[in-house]
Amino acid sequence: MIRASFNDNWQFRPKVNPFAELAGIAVPFEPVTVPHDAMITRDREATADGATAYFPGGAYEYRKTFFAPEELRGKRITLEFEGVYRDSTVFVNGNYAGQRPYGYSRFFIDAGRFLRFGENNEVRVECRTHQDSRWYSGAGIYRDTWLLVGEVVRIGPDGVRVTTPDIDAERAVVEVATTIENDSIDIRTVELVTEIRDAAGVVVASDTAPITVQPREPAIARQRLYVRDPSLWSPDSPALYTCAVSITGVVPDLGTSDIDAVKVAFGIRSLRLDPEHGLRINGETVKLRGACVHHDNGPLGAATFAQAEERRVRLLKGAGFNAIRMSHHPMSIAMLDACDRLGMLVVDEAFDMWTWGKSPFDYSLDFPEWWERDIEAMVAKDFNHPSVVLYSLGNEIPEAGSATGAMWGRRLAEKVRALDGTRFLTNAINNLLALLPDLRAKAGEDTGINTLLADSGFDVNAVAGSELVTTRTAESYSVLDVAGMNYSEIRYATDRTLFPNRIILGTETFPPRIDDNWRLVKQHSHVIGDFTWTGWDYLGEVGIGRPQYSTPDTPRPTFIAPYPYLLAGCGDLDITGHRLPASYYREIVFGLRSQPYLAVRRPRHHGKTVMSSRWAWSDAIASWTWPGHETAPITVEVYSDADEVELLLNGRSLGRGPVGERHRFRTAFEITYEPGELLAIAYRDGVESGRDLLRTATGPVALRAVPDRPVITADVGDLAYITLTLVDSAGTVHTAADRPVRVEVSGGGRLLGFGSADPSNKERFDATEHHTCQGRALAVVKPTAPGGIRLTAVAPDCDPVEVLVRVESRTGDHD
């Protein structure tokens, strides 16, 4: 089917009661382009839920008018929605056309039966969200929409599925299964042509076959092709091929003609799994250096743009990760495409809840009726993506410790296996939840699981490793290929003996424990990786990773921070994509960075008793600019895999400290703050192996603006990211001179989002003014036409700056 973007010319408003409208209460529509997050532009409320970043819920309405030409009569016309949050209902010309309760599933609407040809038609979408998520979900039509047009005989949506069941050095077997649909009243015979093309577009294999299709009885044509000397897909070498499928046949009034054509990208790679070698890709053992990631794009909210997803994947890979666990819902198509191109492995997760609700009005109310269709949607979306190596059936499902929960797990697992037998299955089980009734009885009915996890005095591992957990979770783990474990590394060694066939994945772990966890991953062949919570900071679950300090009134850490907190504060990268000290530490632990890294704790908290949650890093940042704290005591952290590091301040040695694995790859120096240059030199076997330098920002503050790319396209999903920083004359970022920055966009673009990584503020991302945080802010601009985009930025006591980004004509919508 021909796919055309359906993103333009929508209108949006909060949903209005029709009786209120009759009474004269009118709410006007405003023009929008989707993807669009209906929630991110609302004012936050202190009375709302901190889990969703204090954004209130609501009901929303979209509408779009489009012309259906007469020549479309008799064709099959379908609307594709990649994601609408949540509980969406679609109407075409006022007629109910379909619905989807789950906010993360792609779905299709048969629109042709309701269209009026030769005139305008209206599509209307209603959706709503209220106390149905444990994180910031966003709302509305937040992913791409498409118009699909096909003949009565056509290749169905997701109708080309490619597998590579047999690979060796000489050739790869590529099996292509094509589903051909026939909505006519006649038996039809078509010619099916399939070509495999390499990255240069050269045809490396092809096959042609006649296919006869009964009316209303789809035919699946399977072709077996052979690619000689194949280029294999892997994280280090993500080689992609294209499978181009077309059908020709007799078309009324046209004779023999092309009927339909589809192109899909795929990779040639093999997956193997066993306790002795772990996960093998193309015969090589791969340990998953994993990042859990939520779906919001920071200043863009939940709106999902292809360039935003690709940027996240690229920056995460640059930080040392080779795998993403989409938490806790199916990944967007745009992010899957980026993972394929960039070589990022994927654990795609189905649900955050099954039959037991976690929020008052969440998907558990719809799960019993809709789970099969949502599993089918996830697998159909993922099938041709080589980056996807594991499906996760759920996250911290409370039922997992019960017999009925294990029964549900088996039901989901077998459904996935029936749809896709080429990948492995896991389930991110929190072993504490298996004992939740017991823990509540012991700690009190009002004690939540997150409160227990956050409390540094509560021994999470002791409970996770208990014999009772072993018994309660045995059946739930037995239905899986890989036992996904959240915060349960104590089981890694013992389960090798208790369950010799069990393969384990640390599906969620505390960031400060990466050194111990990664040692266990390397030590045990049956443990295939570690996924930190989280790789990228996110909106909602506000403050779970914030630094906290003991006071007489708060002797223990709290889970959710008060309004106006906005961010979770536990990512290796902040919401703008800036790498934080934990990211560099992790890179060193992974063995991917030989240079030391300097981070400095904020001097205003020196001497306080830290009582942060287990998700929190120290409050250190990479800065040696602390005006007002001259001669004050300050703590300097140095991360390194060397034997020792030496710290020098303005050329004076302040001593050496041991680092490396035996010392958790870190040391700390207690010194007195003095502006200038702070230098760390690492030594291995007595020889310098690397150095890191921090300088104090001095003199006048200047505003600098740098685009991520000088040239972008007008394609669907492309964006320009412009980083704004406050710097001195040498380019050193001034982390202690924050101020408001105002931006103006002109030319062929519009400001899509503007913000910083400030974890607690009342500013809006859709405003043109925002304060920097530690000297940084980020503007995101969407192209609207070929030509050029001009962004001008001004800040108090700084000269204005201007950035030009060229916009080239669009290269075309994807098939």
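For the structure given in this document, a descriptive report is provided here.

Rules used in this analysis
- Residues numbered from 1 in each chain as written.
- Predicted model: local features only at pLDDT ≥ 70, side-chain atom pairs only at ≥ 80, totals over all residues.
- Heavy atoms only, no water.
- Helix = DSSP H or I, 4+ residues; strand = E, 2+ residues; numbered from the N terminus.
- Buried < 20%, exposed > 50% of the residue type's maximum accessible area, 1.4 Å probe, protein only.
- Contact = heavy atoms within 4.5 Å.
- Areas by Shrake-Rupley, 256 points an atom, 1.4 Å probe, with all protein chains shown as cover.
- Lys, Arg positive; Asp, Glu negative; His and termini not counted.
- Charge placed at Lys NZ, Arg CZ, Asp CG, Glu CD.
- Pairing = 2+ DSSP bridges.
- Axes fitted to C-alpha atoms, helices over the stretch in contact; angles between N-to-C directions.
- Disulfide = S-S within 2.5 Å.
- Phe/Tyr/Trp six-rings, centres within 6.5 Å; stacked < 30°, edge-to-face > 60°.
- Lys NZ or Arg CZ within 6 Å of the ring centre and 35° of its normal.
- Core = buried A, V, L, I, M, F, W, Y, C linked by side-chain atoms within 4.5 Å.
- Right-handed = clockwise from strand over helix to strand, strands pointing away.
- Left-handed = near helix turned anticlockwise from the far one by under 90°.
- Nonpolar A, V, L, I, M, F, W, Y, C, P; charged D, E, K, R; others polar.
- 1 Å grid on protein atoms, 1.4 Å probe; cavity = no way out; pocket = protein on both sides within 12 Å on 5 of 7 lines; lining within 4 Å.
- Points joined across faces, edges and corners; volume = space filled by probe spheres on them.
- Salt bridge = Lys/Arg side-chain N within 4 Å of Asp/Glu carboxyl O.

Here the focus is the overall build of the chain. Across its full length, the chain holds 12 helices and 44 strands. Here the C-alpha coordinates of the chain stretch approximately 90 × 65 × 55 Å along the principal axes. Across the 815 residues that make up the chain, the buried fraction comes to 59%. A fraction of 71% describes how many contacts in the chain between residues 6 or more apart in sequence connect residues 24 or more apart. A total accessible area of about 31400 Å² is found for the chain, and carbon and sulfur atoms account for 50% of it. Considering the chain, the positive charge centre built from 87 side chains and the negative charge centre built from 110 side chains are found 1 Å apart.

Across the sheet, 4 strands lie side by side as S14-S13-S16-S17; this open sheet has antiparallel pairing. Looking at which strands have only one partner, the edges of the open sheet turn out to be strand S14 (203-213) and strand S17 (255-266). Between one strand axis and the next, the sheet turns through 15° on average, direction left out of account. By the bridge criterion, 7 bridges tie strand S13 (residues 188-197) to strand S16 (residues 241-251) in an arrangement that is antiparallel. Within S16, the position partnered with valine 193 by the bridge is serine 246.

Summed over all chains, the structure comprises 0 disulfides. Free cysteine cysteine 773: the closest other cysteine sulfur is in cysteine 570, separated by 16 Å. Owing to a relative accessible area of 16%, cysteine 773 belongs among the buried residues under this scheme.

Moving on: the packing of aromatic side chains. Enumeration according to the criterion identifies 33 aromatic pairs in this entry. With centroids separated by 5.6 Å and ring planes inclined at 85°, the aromatic side chains of tyrosine 54 and tyrosine 563 adopt a geometry described as edge-to-face. With tyrosine 54 in the loop between strand S3 (30-32) and strand S4 (58-68) and tyrosine 563 in the loop between strand S28 (527-532) and helix H12 (581-589), the pair connects residues that are 509 residues apart, well separated along the chain. Taking the ring centre of phenylalanine 590 as reference, the NZ or CZ of arginine 289 above it sits at 5.9 Å.

Among the nonpolar cores identified, the biggest contains 116 residues, and Trp10, Tyr62, Phe81, Val123, Val125, Leu316 and Phe351 are the most heavily contacted of them. A total of 6 residues in this core trace back to one element, the largest contributor, which is helix H4 (residues 367-382). The contacts of valine 125, once residues within four sequence positions are left out, are Trp10, Tyr60, Glu61, Tyr62, Phe81, Val84, Ser88, Thr89, Val90 and Ile141. The next biggest cluster of nonpolar side chains, apart from the first, holds 33 residues, and it includes Leu435, Tyr538, Ile544 and Ala568.

Moving on, we get to the pairing of strand S24 (residues 388-395). With 8 of 8 residues buried, S24 lies mostly within the body of the structure. Summarising the sheet, strand S23 (residues 345-349) and S24 pair through 4 bridges and their orientation is parallel. Each residue of the ladder has a partner; that of aspartate 348, found in S24, is tyrosine 391. You can see the chain leave S23, run along H4 and come back into S24, and the turn it takes is right-handed. Where S24 meets strand S25 (residues 424-430), 4 bridges bridge the pair, whose relative direction is parallel. Counted as the bridge partner of asparagine 395 is alanine 428 from S25.

With 5 bridges connecting them, strand S6 (residues 88-92) and strand S7 (residues 95-100) associate as antiparallel partners. The partner of valine 90 across the bridge, within S7, is glycine 98. Between S6 and S7, which follow one another and run antiparallel, lie 2 residues, and asparagine 93 among them has a positive phi close to 50°.

On to the packing of H4 against helix H5 (residues 403-419). Where H4 meets H5, the closest approach of the two axes is 10 Å, and the angle between their N-to-C directions is 35°. As for the relative orientation of H4 and H5, their crossing is right-handed in sense. Residue-level contacts link Phe367, Pro368, Trp371, Glu372, Ile375, Glu376 and Val379 of H4 to Trp408, Arg411, Leu412, Lys415, Val416 and Leu419 of H5. Within the contact of H4 with H5, the residues separate by chemical class into 9 nonpolar, no polar and 4 charged.

With that out of the way, let us pick up empty space enclosed by the protein. Overall, the coordinates contain 5 cavities of 30 Å³ or more when judged by the stated rule. The volume enclosed by the largest cavity comes to roughly 110 Å³. Lining of the largest cavity is provided by 14 residues; of these, Tyr85, Tyr104, Asp132, Trp135 and Met353 occupy positions nearest its centre. A per-class count over the lining of the largest cavity returns 6 nonpolar, 4 polar and 4 charged.

A few words now on helix H11 (residues 514-523). Think of an α-helix as turning once every 3.6 residues; residues three or four places apart then point the same way. All of the buried residues along H11 are Ile514, Asp515, Asn517, Trp518, Leu520 and Val521. Residues of H11 that are buried sit in contact with strand S21 (288-293), helix H10 (491-498), strand S27 (504-509), S28 and H12.

Across the junction of tryptophan 533 and threonine 534, the peptide omega takes the value 0°, indicating a cis bond. One can find threonine 534 in the loop between S28 and H12. Omega for the peptide link from tyrosine 563 to proline 564 comes to 15°, which places this bond in the cis form. Looking at the secondary structure, you find proline 564 in the loop between S28 and H12. Phi at alanine 53 is positive, roughly 65°, even though this residue is not glycine.

Across all of its chains, the model carries 63 salt bridges by this definition. Ionic pairing is found between aspartate 352 and arginine 134, a salt bridge with its closest N-O pair at 2.8 Å. Of this pair, aspartate 352 sits in the loop between S23 and H4 while arginine 134 sits in the loop between strand S9 (119-129) and strand S10 (145-150), and the two are 218 residues apart along the sequence. As far as the burial class goes, aspartate 352 and arginine 134 line up, both buried.

The next thing to look at is the sheet that holds strand S42 (residues 776-783). Judged by pairing direction, the sheet is antiparallel, and its 4 strands sit side by side in the order S36-S38-S42-S40 without closing on themselves. The open sheet has two edge strands, strand S36 (702-707) and strand S40 (749-755), and neither has a second partner. Averaged over neighbouring strand pairs, the angle between their axes works out to 25° when direction is ignored. In this sheet, S42 lies alongside S40 in antiparallel orientation, the contact comprising 6 bridges. In the sheet register, glycine 753 faces S42, and the bridge partner there is valine 780.

Moving on, we come to the environment of glycine 255. Tracing the sequence through the fold places glycine 255 in strand S17. Along the primary structure glycine 255 and isoleucine 634 are separated by 379 residues, whereas in three dimensions their C-alpha atoms are 82 Å apart. Among all residues touching glycine 255, those that are not within four sequence positions of it are Gly249 and Val250.

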